[in-house]
Amino acid sequence: MSTTAQIPCVYDGLQQQQSQQPGNEVQAVGVSKNPEDVIQPADGIPPLHQQSFKGTLVNHNNNTISVHTPNNASSPNQHRRNVSVTANCYLQMLTSPLKTYRERKAETVTPTIVEEASVAAEPQEKSNFQKDMETAMELMGAIGYAIYGITVAIFVSIIPRRFRYKDITDQIVLVTGAGSGIGRLMAKKLALNHGAVIVAWDINKTGNEETVEQIRAAGGKCYGYQVDVSSRESIYAAAEKVTAEVGKVEILINNAGIVTGKKFLEIPDHMIEKTMDVNVLSNFWTVKAFLPAMMKDGRGHIVTIASTAGLIGVNRLVDYCASKYAAMGFNEAVQSELRAEGYDKIYMTCVCPYYINTGMFDGVRSKVVSILKPEAVVNDIVAGILTNQEQIVMPRALYPLLVLKMMVPGEVGRRIAAALGITGTMMAFKGRPGGPPAPSVANLNQSTGQNKTS
Ligand SMILES: NC(=O)c1ccc[n+]([C@@H]2O[C@H](COP(=O)([O-])OP(=O)(O)OC[C@H]3O[C@@H](n4cnc5c(N)ncnc54)[C@H](O)[C@@H]3O)[C@@H](O)[C@H]2O)c1
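Since the structure is predicted, the reported quantities are computational estimates derived from the model, not experimental observations. Throughout this description, residue numbers start from 1 for each chain and increase along the sequence as written. Two thresholds apply to this predicted model, a pLDDT of at least 70 for residue-level local features and 80 or more for giving and counting side-chain atom pairs, whereas whole-chain, interface and lining totals are computed over all residues.

### Observations concerning the overall build of the protein
Then comes step 1: Runs of E in the DSSP output that reach at least two residues are strands. Runs of H or I that reach at least four are helices, and both are numbered from the N terminus. Counting secondary structure elements, the protein contains eleven helices and 14 strands.
Then comes step 2: To assign burial, the other C-beta atoms lying within 10 Å of each residue's own C-beta are counted, with C-beta atoms placed from the backbone; 20 or more indicates buried, 12 or fewer indicates exposed, and intermediate counts indicate partly exposed. Counting across all 454 residues of the protein, residues that qualify as buried make up 37%.

Written out as structure tokens, the structure reads:
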């Protein structure tokens, strides 16, 4: 009895055997996926799915070879049945002297293993159970990390903040809106108490120059630029100038802000656009301008001066609240992206103060929560920056209210806000005389930093 093995070939070596003619004596090695196709070795070697055949080549094409094998072949393997091998094989000319089965097996195993390894390397589809388990493990890890983080934070908070400050001596800190209010106070404190080199940006030339002079007169370093942060082009041009003239900005404080303080339908369209430009879009452009250098250095700090109006929607502050919510979202999302990309030494701080007595919100009345003093706010912000604090809400008493807001129905939240007098705060709003600063033609012409005060 004799058999003919039809062997689908996937072994590249077949190409080298194309010169083989039907009738030539050949040796083939195949691996069967079907256990029924096991060939019983004659000398007590356990059955294998992989076997070698010796026989006469019937024909071959690119994918299949047919080998006619007499049952009295000198191969030590005896075919149990007609073998239709469905996996890998390779075809080899019979060379003399004939090798032993073990030698041949050692040779022939190699290509098979290579093929098997490549099959095994293919990713296995995970079952839903495995995926659920992985998610559960990740969640457990996150909860574990949260417990660890909170425990560490509690212990760290026992250490007075000033002992945890990072050193920012000679670091370049850019403050937008440095010409008045908390912008000026932050610039002064960072320069005079902590040795930072301040770059002061403001649309208000006079106010900005005063800030520069006050810092210099007290022995600090400060460079002023008149910049309209509602203009993307002005920001990009001024950023280039600052980098060339002062150096790399290591801490960026997006502080410039405006408020209209009107009922939504009474706000002129252009003022809504201006509020969004100054309060949030400017953050996109400044961060785009300065973040690449921070990423290159692998360190830096971006501060967003938002507001509690970015946490609670308040009547007569629709445009302002929308801009501050957006600024907070921007801050949080950039931070998430930086962490995801592995930049864990570029810090972000988001500041949410309640009303501050700077003049921006003149006329505001607050029934229960006290209006904040600018100096106290600036102390907290600077301490937060120096300790890489991520979120600062002022006053702290508002934290529980914010948690409550997420838990109670909207109407309950509004009643609590009304009882605390928050909904009535803007009724007597006056703001700064003349409203938010508008750039004059001269200001716009100079708003690319040509008006550096140095
Ligand atoms: N005052 C508050 O009650 C209060 C509360 C929460 C948050 N904030 C936020 O704090 C930040 C500072 O406010 P502040 O109280 O010191 O007000 P501020 O009016 O004293 O300071 C704002 C500064 O931004 C500058 N500015 C405005 N438009 C500009 C522009 N287009 N380009 C460049 N500079 C521009 C102004 O000239 C001004 O110097 C703002 O972002 C504000 O929204 C203020």
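Next comes the rest of the description.
### Some details on the UniProt feature "transmembrane region" (unreviewed entry) in the protein
Then comes step 1: UniProt tags residues 139-159 as "transmembrane region" (unreviewed entry).
Then comes step 2: Taken end to end, residues 139-159 is 95% helix and 0% strand, and its two terminal C-alpha atoms sit 31 Å from one another. UniProt positions are given in the numbering used here, feature names are shortened, and annotations may be inferred rather than shown by experiment.

### As for the environment of Gly310
Then comes step 1: Relative to the elements of secondary structure, Gly310 occurs in the loop between β12 (300-305) and α7 (318-340).
Then comes step 2: Residues Gly310 and Ala326, 16 residues apart in the sequence, show an inter-C-alpha distance of 7.5 Å.
Then comes step 3: Discounting residues that sit within four places of it in the chain, Gly310 has contacts with Cys321, Lys324, Tyr325, Ala327, Met328 and Cys352. Note that contacts rest on C-beta atoms placed from the backbone: two residues are in contact if these are within 7 Å.

### Quick look at the packing of helix α3 (residues 181-192) against helix α4 (residues 205-217)
Then comes step 1: For the pair α3 and α4, interaxial distance at closest approach is 10 Å and the crossing angle is 25°. It follows that α3 is roughly parallel to α4 by the angle criterion. Our pair here, α3 against α4, has a crossing hand that is right-handed. On α4, the residues touching Arg184, Ala187, Lys188, Ala191 and Leu192 of α3 are Thr211, Gln214 and Ile215.
Then comes step 2: Amino acid classes used here: Ala, Val, Leu, Ile, Met, Phe, Trp, Tyr, Cys and Pro are nonpolar; Asp, Glu, Lys and Arg are charged; the rest, including Gly, are polar. Looking at the contact of α3 with α4, its residues break down into four nonpolar, two polar and two charged. Working convention: axes come from line fits to C-alpha atoms, limited for helices to the stretch in contact. Angles between N-to-C directions cover 0 to 180 degrees. Roughly parallel covers angles under 35 degrees, roughly antiparallel covers those over 145, roughly perpendicular covers 65 to 115, and oblique covers all other angles. The hand of a helix crossing depends on one turn: near helix anticlockwise from the far one by less than a right angle means left-handed, and clockwise means right-handed.

### So, the site of the ligand
Then comes step 1: The rule is simple: place the C-beta atom from the backbone, and if it lies within 6 Å of a molecule or strand, the residue is near it. Surrounding the ligand, one finds 31 residues, the nearest of these being Gly177, Gly181, Ile203, Gly257 and Thr358.
Then comes step 2: Considering each element in turn, the shell around the ligand owes the most residues, three residues, to α3.
Then comes step 3: Within the shell around the ligand, the residues separate by chemical class into 15 nonpolar, 14 polar and two charged.

### Here's the deal with the sheet that holds strand β8 (residues 172-176)
Each strand in a sheet pairs with another by means of backbone hydrogen bonds, the pair being arranged parallel or else antiparallel.
Then comes step 1: By this definition, two strands are paired if DSSP reports at least two bridges between them. Across the sheet, which stays open at both edges, the seven strands sit in the order β10-β9-β8-β11-β12-β13-β14 with parallel pairing between neighbours. Each of the sheet's edge strands pairs with one partner strand only, and the pair in question is β10 (221-226) and β14 (391-394). Pairwise comparison of adjacent strand axes, ignoring direction, gives a mean angle of 15° for this sheet.
Then comes step 2: Summarising the sheet, β8 and strand β9 (residues 197-202) pair through five bridges and their orientation is parallel. Residue Thr176 lies in a different strand from β9, and its bridge partner there is Trp201.

### Points about the pairing of β10
Then comes step 1: Buried residues dominate β10, accounting for five of its six residues.
Then comes step 2: Bridge count between β9 and β10: six bridges; the pairing is parallel. By the bridge assignment for β10, Val199 is matched with Tyr223.
Then comes step 3: The β-α-β motif built from β9, the intervening α4 and the parallel element β10 has right-handed crossover chirality. The handedness rule is simple: strands pointing away from the viewer, and a clockwise path from the first strand over the helix to the second, make the crossover right-handed.

### Observations concerning the environment of Ile416
Then comes step 1: Tracing the backbone shows Ile416 in helix α10 (residues 410-419).
Then comes step 2: Measuring from C-alpha to C-alpha, the distance between Ile416 and Lys405 comes to 9.2 Å, with eleven residues separating the pair along the chain.

### Section: α10
Then comes step 1: Along α10, only zero of the ten residues are buried, which leaves the element largely exposed.
Then comes step 2: The positive-phi residue at the C-terminal boundary of α10 is Gly421, with phi of around 85°.

### Let's talk about α3
For an α-helix, 3.6 residues make a turn, and residues three or four places apart therefore share a direction.
Then comes step 1: Multiplying one less than the number of residues by 1.5 Å gives the expected span of a helix. With twelve residues, α3 extends 17 Å from end C-alpha to end C-alpha; this agrees with the ideal 16 Å at 1.5 Å per step.
Then comes step 2: The element α3 is extensively covered by neighbouring structure, given that eleven of its twelve residues are classed as buried.
Then comes step 3: Within the span of α3, buried status applies to Gly181, Ile182, Gly183, Arg184, Leu185, Met186, Ala187, Lys188, Lys189, Leu190 and Ala191.
Then comes step 4: Residues of α3 that are buried in the fold lie against β8, β9, α4, β10, β11 (251-254) and α8 (374-386).

### Regarding the confidence of the model for the protein
Then comes step 1: Each residue carries a pLDDT score, the predictor's confidence in it, ranging from 0 to 100. Residues at a pLDDT of 70 or more form 69% of the protein, whose mean pLDDT is 79.
Then comes step 2: Per-residue pLDDT stays below 50 along residues 1-18; that stretch engages in 49 contacts with residues further than four places along the chain or on separate chains.
Then comes step 3: Segment residues 71-102: pLDDT under 50, and 83 contacts once partners within four positions in sequence are set aside and those in other chains are kept.

### Description of the pairing of β14
On a regular strand, each side chain points to the face opposite its neighbour's, so the side chains alternate between the two faces of the sheet.
Then comes step 1: Along β14, the buried face is formed by Ile392 and Met394; none of Gln391 and Val393, which line the opposite face, is buried.
Then comes step 2: Alignment of strand β13 (residues 346-353) against β14, held across four bridges, turns out to be parallel. Bridge pairing in β14 links Cys350 to Gln391.
Then comes step 3: Each parallel crossover has a hand, and for β13 linked through α8 to β14 it is left-handed.

### Some details on the environment of Val287
Then comes step 1: Position of Val287 among the secondary structure elements: in helix α6 (residues 269-297).
Then comes step 2: Judged by the 19 C-beta atoms lying within 10 Å of it, Val287 falls in the partly exposed class.
Then comes step 3: C-alpha separation for the pair Val287 and Val334, spaced 47 residues apart in sequence, amounts to 9.3 Å.
Then comes step 4: If we ignore the near neighbours within four places in the chain, the residues touching Val287 are Leu252, Ile302 and Val334.

### Some points on the packing of α3 against α8
How two helices pack is summed up by the angle between their axes together with the distance between the axes.
Then comes step 1: Direction vectors running N to C along α3 and α8 enclose 55°, while the axes themselves pass 9 Å from each other. Considering the angle they form, α3 stands oblique to α8. At the point where α3 passes α8, the crossing takes the right-handed sense. The segment α3 lies against α8, with Gly181, Ile182, Leu185, Met186, Lys189 and Leu190 engaging Pro374, Glu375, Val377, Val378, Ile381 and Val382.
Then comes step 2: Counted by class, the contact of α3 with α8 contains nine nonpolar, one polar and two charged residues.

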